[in-house]
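For reference, the chains in residue letters:
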Amino acid sequence: MPERPAPRPTPGRADGIRARNRASIEAELRAVGRRHLAEVGAAALSLRSVARELGMVPSALFRYVSGRDELLTLLIVDAYTSLGEAAEAAHAAVEPTDLRARWAAVARSVRTWALAHPHEWSLIFGSPVPRYDAPADVTNDPGTRVPRLLMAIGADAAARRLAGPATFTPASRAAELAGRASEDLLRSDPDLAASGMTPVELANGLVVWTMLVGAVSAEVFQQLGERTISDAEAFFDYQVATAAAILFGPGG
(Lines give C-alpha, C1' and ligand atoms only; values in the text may rest on other atoms or scores of the structure.)
Protein backbone atom coordinates (compact mmCIF):
# COMPACT_ATOMS: atom_id res chain seq x y z
CA MET A 1 0.00 0.00 0.00
CA PRO A 2 1.53 3.39 -0.95
CA GLU A 3 2.49 5.66 1.90
CA ARG A 4 0.22 8.55 2.55
CA PRO A 5 1.85 11.94 2.28
CA ALA A 6 2.41 13.70 5.57
CA PRO A 7 -0.37 16.15 6.34
CA ARG A 8 0.49 19.69 5.43
CA PRO A 9 0.41 22.03 8.41
CA THR A 10 -2.55 24.34 8.59
CA PRO A 11 -1.76 28.05 8.22
CA GLY A 12 -2.39 28.66 11.92
CA ARG A 13 -0.07 25.85 12.96
CA ALA A 14 2.63 26.97 10.53
CA ASP A 15 2.44 30.52 11.89
CA GLY A 16 2.80 29.17 15.42
CA ILE A 17 5.90 27.17 14.48
CA ARG A 18 7.44 30.21 12.80
CA ALA A 19 6.69 32.36 15.83
CA ARG A 20 8.32 29.82 18.17
CA ASN A 21 11.37 29.54 15.93
CA ARG A 22 11.67 33.32 15.79
CA ALA A 23 11.34 33.62 19.57
CA SER A 24 14.02 30.97 20.03
CA ILE A 25 16.46 32.74 17.70
CA GLU A 26 15.75 36.12 19.30
CA ALA A 27 16.42 34.65 22.75
CA GLU A 28 19.70 33.16 21.54
CA LEU A 29 20.61 36.44 19.88
CA ARG A 30 20.15 38.27 23.17
CA ALA A 31 22.13 35.65 25.10
CA VAL A 32 25.05 35.84 22.67
CA GLY A 33 24.82 39.64 22.69
CA ARG A 34 25.11 39.68 26.49
CA ARG A 35 28.09 37.33 26.34
CA HIS A 36 29.87 39.56 23.82
CA LEU A 37 28.97 42.60 25.91
CA ALA A 38 30.86 41.02 28.81
CA GLU A 39 33.83 40.13 26.61
CA VAL A 40 34.35 43.25 24.50
CA GLY A 41 32.09 45.96 25.95
CA ALA A 42 29.22 47.86 24.40
CA ALA A 43 31.35 50.09 22.18
CA ALA A 44 32.96 47.10 20.44
CA LEU A 45 29.80 45.02 20.11
CA SER A 46 29.72 43.67 16.55
CA LEU A 47 26.73 42.20 14.75
CA ARG A 48 29.13 40.29 12.52
CA SER A 49 30.76 38.58 15.51
CA VAL A 50 27.39 37.77 17.03
CA ALA A 51 26.21 36.27 13.74
CA ARG A 52 29.36 34.19 13.51
CA GLU A 53 28.76 32.65 16.93
CA LEU A 54 25.16 31.95 15.99
CA GLY A 55 26.32 30.17 12.82
CA MET A 56 24.56 32.71 10.61
CA VAL A 57 25.63 35.20 7.99
CA PRO A 58 25.27 38.81 9.19
CA SER A 59 22.60 39.55 6.62
CA ALA A 60 20.39 36.82 8.12
CA LEU A 61 20.31 38.70 11.44
CA PHE A 62 18.58 41.62 9.75
CA ARG A 63 15.39 39.58 9.97
CA TYR A 64 15.57 40.07 13.74
CA VAL A 65 17.41 43.35 14.31
CA SER A 66 18.11 46.26 12.00
CA GLY A 67 21.71 46.54 13.14
CA ARG A 68 24.04 46.92 16.11
CA ASP A 69 22.06 49.81 17.53
CA GLU A 70 18.84 47.82 17.75
CA LEU A 71 20.69 44.94 19.39
CA LEU A 72 22.11 47.37 21.96
CA THR A 73 18.61 48.71 22.58
CA LEU A 74 17.28 45.19 23.16
CA LEU A 75 20.07 44.52 25.66
CA ILE A 76 19.41 47.83 27.44
CA VAL A 77 15.69 47.09 27.73
CA ASP A 78 16.46 43.58 28.99
CA ALA A 79 18.85 44.98 31.61
CA TYR A 80 16.43 47.62 32.83
CA THR A 81 13.63 45.06 32.93
CA SER A 82 15.67 42.56 34.92
CA LEU A 83 16.79 45.27 37.37
CA GLY A 84 13.25 46.57 37.72
CA GLU A 85 11.84 43.11 38.40
CA ALA A 86 14.44 42.47 41.10
CA ALA A 87 13.73 45.79 42.82
CA GLU A 88 9.96 45.37 42.59
CA ALA A 89 10.12 41.87 44.08
CA ALA A 90 12.24 43.12 46.99
CA HIS A 91 9.93 46.08 47.55
CA ALA A 92 6.80 43.88 47.49
CA ALA A 93 8.24 41.61 50.19
CA VAL A 94 8.40 44.43 52.76
CA GLU A 95 5.62 45.72 55.01
CA PRO A 96 4.06 48.64 53.04
CA THR A 97 3.82 50.90 56.09
CA ASP A 98 7.57 50.63 56.84
CA LEU A 99 8.97 53.34 54.58
CA ARG A 100 12.59 52.95 55.69
CA ALA A 101 12.47 49.19 55.11
CA ARG A 102 10.97 49.73 51.66
CA TRP A 103 13.78 52.11 50.73
CA ALA A 104 16.45 49.76 52.10
CA ALA A 105 14.96 46.77 50.25
CA VAL A 106 15.02 48.63 46.93
CA ALA A 107 18.55 49.94 47.48
CA ARG A 108 19.99 46.55 48.47
CA SER A 109 18.26 44.77 45.59
CA VAL A 110 19.81 47.24 43.15
CA ARG A 111 23.27 46.58 44.59
CA THR A 112 22.77 42.80 44.56
CA TRP A 113 21.60 42.86 40.94
CA ALA A 114 24.46 45.11 39.83
CA LEU A 115 27.14 42.95 41.45
CA ALA A 116 25.64 39.89 39.75
CA HIS A 117 25.33 41.69 36.38
CA PRO A 118 28.25 44.14 36.23
CA HIS A 119 28.36 44.36 32.43
CA GLU A 120 24.65 45.05 32.15
CA TRP A 121 24.99 47.68 34.90
CA SER A 122 27.81 49.26 32.93
CA LEU A 123 25.63 49.27 29.81
CA ILE A 124 22.81 51.23 31.46
CA PHE A 125 24.76 53.36 33.97
CA GLY A 126 28.29 53.49 32.56
CA SER A 127 29.87 55.61 29.85
CA PRO A 128 27.76 56.47 26.79
CA VAL A 129 28.32 54.21 23.79
CA PRO A 130 29.95 56.18 20.95
CA ARG A 131 27.65 56.88 17.98
CA TYR A 132 24.61 55.42 19.75
CA ASP A 133 21.55 57.19 21.11
CA ALA A 134 19.09 55.06 23.04
CA PRO A 135 15.54 55.61 21.74
CA ALA A 136 13.64 57.24 24.59
CA ASP A 137 10.27 55.84 23.48
CA VAL A 138 11.61 52.30 23.98
CA THR A 139 13.95 52.67 26.97
CA ASN A 140 12.24 55.26 29.19
CA ASP A 141 9.49 53.01 30.54
CA PRO A 142 11.72 50.10 31.67
CA GLY A 143 14.44 52.56 32.67
CA THR A 144 12.22 54.35 35.19
CA ARG A 145 10.89 51.31 37.04
CA VAL A 146 13.25 51.70 39.99
CA PRO A 147 12.95 55.51 40.22
CA ARG A 148 9.16 55.13 40.23
CA LEU A 149 9.39 52.78 43.20
CA LEU A 150 11.30 55.51 45.00
CA MET A 151 8.70 58.04 43.89
CA ALA A 152 5.97 55.85 45.41
CA ILE A 153 7.90 55.71 48.70
CA GLY A 154 8.36 59.49 48.61
CA ALA A 155 4.69 60.09 47.87
CA ASP A 156 3.68 57.86 50.79
CA ALA A 157 6.11 59.70 53.05
CA ALA A 158 4.67 63.05 51.95
CA ALA A 159 1.09 61.86 52.48
CA ARG A 160 1.90 60.66 56.01
CA ARG A 161 4.01 63.75 56.74
CA LEU A 162 7.06 61.59 57.28
CA ALA A 163 9.24 63.09 54.55
CA GLY A 164 12.48 64.69 55.65
CA PRO A 165 13.12 68.44 55.40
CA ALA A 166 15.90 70.10 53.47
CA THR A 167 19.27 69.05 54.83
CA PHE A 168 20.69 72.59 54.94
CA THR A 169 19.64 76.12 55.78
CA PRO A 170 18.33 78.69 55.21
CA ALA A 171 15.06 77.00 54.28
CA SER A 172 14.29 79.68 51.70
CA ARG A 173 17.52 78.91 49.83
CA ALA A 174 16.80 75.16 49.91
CA ALA A 175 13.28 75.70 48.60
CA GLU A 176 14.57 77.99 45.83
CA LEU A 177 17.20 75.52 44.62
CA ALA A 178 14.80 72.56 44.86
CA GLY A 179 12.14 74.45 42.92
CA ARG A 180 14.57 75.35 40.15
CA ALA A 181 15.90 71.78 40.00
CA SER A 182 12.51 70.05 39.87
CA GLU A 183 10.60 72.59 37.78
CA ASP A 184 10.74 70.70 34.49
CA LEU A 185 9.98 67.33 36.10
CA LEU A 186 6.89 68.63 37.85
CA ARG A 187 5.70 70.27 34.63
CA SER A 188 6.28 67.26 32.37
CA ASP A 189 5.35 64.33 34.63
CA PRO A 190 1.70 64.28 35.77
CA ASP A 191 2.37 61.48 38.26
CA LEU A 192 5.03 63.54 40.01
CA ALA A 193 2.85 66.62 39.98
CA ALA A 194 0.05 64.61 41.62
CA SER A 195 2.33 62.87 44.13
CA GLY A 196 1.91 65.50 46.83
CA MET A 197 5.66 65.94 47.22
CA THR A 198 7.01 69.44 47.68
CA PRO A 199 9.95 70.52 45.50
CA VAL A 200 12.27 69.96 48.50
CA GLU A 201 10.93 66.42 49.04
CA LEU A 202 11.28 65.65 45.33
CA ALA A 203 14.81 67.06 45.26
CA ASN A 204 15.71 64.94 48.29
CA GLY A 205 14.46 61.88 46.40
CA LEU A 206 16.55 62.79 43.37
CA VAL A 207 19.60 63.23 45.60
CA VAL A 208 19.03 59.77 47.07
CA TRP A 209 18.61 58.20 43.61
CA THR A 210 21.89 59.70 42.39
CA MET A 211 23.55 58.58 45.64
CA LEU A 212 22.34 55.03 45.04
CA VAL A 213 23.58 54.91 41.44
CA GLY A 214 26.90 56.43 42.48
CA ALA A 215 27.38 54.08 45.43
CA VAL A 216 26.66 51.00 43.35
CA SER A 217 28.76 52.21 40.42
CA ALA A 218 31.73 52.93 42.70
CA GLU A 219 31.62 49.32 43.87
CA VAL A 220 30.91 47.71 40.49
CA PHE A 221 33.66 49.71 38.78
CA GLN A 222 36.04 49.09 41.71
CA GLN A 223 36.64 52.79 42.30
CA LEU A 224 36.94 52.56 46.07
CA GLY A 225 40.00 50.33 46.30
CA GLU A 226 40.60 47.51 48.76
CA ARG A 227 42.68 49.68 51.09
CA THR A 228 40.07 52.45 51.21
CA ILE A 229 37.01 50.45 52.31
CA SER A 230 37.64 47.32 54.34
CA ASP A 231 33.98 46.20 54.36
CA ALA A 232 32.06 47.20 51.24
CA GLU A 233 28.75 45.87 52.53
CA ALA A 234 29.03 47.80 55.79
CA PHE A 235 29.84 50.97 53.86
CA PHE A 236 26.84 50.43 51.59
CA ASP A 237 24.58 49.97 54.62
CA TYR A 238 25.97 53.24 55.99
CA GLN A 239 25.08 54.96 52.73
CA VAL A 240 21.57 53.45 52.78
CA ALA A 241 21.06 54.77 56.32
CA THR A 242 22.43 58.20 55.35
CA ALA A 243 20.06 58.33 52.40
CA ALA A 244 17.16 57.33 54.68
CA ALA A 245 18.00 60.32 56.89
CA ILE A 246 17.67 62.55 53.82
CA LEU A 247 14.36 60.96 52.78
CA PHE A 248 12.71 60.73 56.19
CA GLY A 249 14.77 62.78 58.62
CA PRO A 250 17.47 61.61 61.04
CA GLY A 251 15.24 59.52 63.34
CA GLY A 252 14.46 55.79 63.06
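Novice: Residues and numbers for empty space enclosed by the protein, please.
Specialist: One pass over the structure, following the stated rule, counts three cavities of 30 Å³ or more. In this structure, the largest cavity spans a volume of roughly 60 Å³. In terms of lining, the largest cavity is formed by Gly-154, Ala-157, Ala-163, Gly-164, Met-197, Glu-201, Asn-204, Leu-247 and Phe-248. The set of elements that each furnish at least two residues to the lining of the largest cavity consists of helix H8 (145-159), helix H11 (199-220) and helix H12 (232-248).

Novice: Quick rundown of the environment of Ala-51? Include the residues and the values.
Specialist: Structurally, the position occupied by Ala-51 is in helix H2 (residues 47-54). The sequence separation of Ala-51 and Arg-145 amounts to 94 residues, and the corresponding C-alpha distance is 32 Å. Each residue touching Ala-51, except ones within four places of it in the same chain, is listed here: Met-56, Val-57, Pro-58 and Leu-61.

Novice: Give me the lowdown on the packing of helix H5 (residues 99-116) against H11, citing residues and values where you can.
Specialist: Orientation of H5 relative to H11, taken along the N-to-C sense of each, is 30°, at an axis distance of 10 Å. With respect to each other, H5 and H11 are oriented roughly parallel. Helix-helix and strand crossings are classified by hand; for H5 and H11 the assignment is right-handed. Facing Trp-103, Ala-107, Val-110, Arg-111, Ala-114 and Leu-115 of H5, the residues of H11 in contact are Val-208, Leu-212, Val-216, Glu-219 and Val-220.

Novice: Which residues make up the packing of H5 against helix H6 (residues 118-125), and what values do they have?
Specialist: Relative orientation of the contacting elements H5 and H6 amounts to 110°, with a least axis distance of 5 Å. Between H5 and H6, the angle falls in the class roughly perpendicular. Touching Val-110, Trp-113, Ala-114, Leu-115 and Ala-116 of H5 are Pro-118, Glu-120, Trp-121 and Ile-124, all from H6. A class-by-class count of the residues in the contact of H5 with H6 yields eight nonpolar, no polar and one charged.

Novice: Describe the pattern of salt bridges, with residues and values.
Specialist: One pass over the structure, following the stated rule, counts 14 salt bridges. Here Asp-189 and Arg-148 are joined by a salt bridge, their closest N and O atoms 2.7 Å apart. Of this pair, Asp-189 sits in the loop between helix H9 (171-188) and helix H10 (190-193) while Arg-148 sits in helix H8; the two residues are 41 residues apart in sequence, bridging distant segments of the chain. For Asp-189, a relative accessible area of 13% corresponds to the buried category. The partly exposed category is assigned to Arg-148, whose relative accessible area is 33%. A salt bridge links Asp-184 to Arg-187; the nearest nitrogen and oxygen atoms lie 2.8 Å apart. Of the two residues, Asp-184 and Arg-187 both sit in helix H9, three residues apart, roughly one turn of that helix. Taken individually, Asp-184 and Arg-187 each receive the classification exposed, so the pair is uniform in this respect. Each member of the salt-bridge network shares a partner with another, and the members are Arg-30, Arg-34 and Asp-78.

Rules of the game
Residues numbered from 1 in each chain as written. Predicted model: local features only at pLDDT ≥ 70, side-chain atom pairs only at ≥ 80, totals over all residues. Heavy atoms only, no water. 1 Å grid on protein atoms, 1.4 Å probe; cavity = no way out; pocket = protein on both sides within 12 Å on 5 of 7 lines; lining within 4 Å. Points joined across faces, edges and corners; volume = space filled by probe spheres on them. Helix = DSSP H or I, 4+ residues; strand = E, 2+ residues; numbered from the N terminus. Contact = heavy atoms within 4.5 Å. Axes fitted to C-alpha atoms, helices over the stretch in contact; angles between N-to-C directions. Parallel < 35°, antiparallel > 145°, perpendicular 65-115°, else oblique. Left-handed = near helix turned anticlockwise from the far one by under 90°. Nonpolar A, V, L, I, M, F, W, Y, C, P; charged D, E, K, R; others polar. Salt bridge = Lys/Arg side-chain N within 4 Å of Asp/Glu carboxyl O. Buried < 20%, exposed > 50% of the residue type's maximum accessible area, 1.4 Å probe, protein only.

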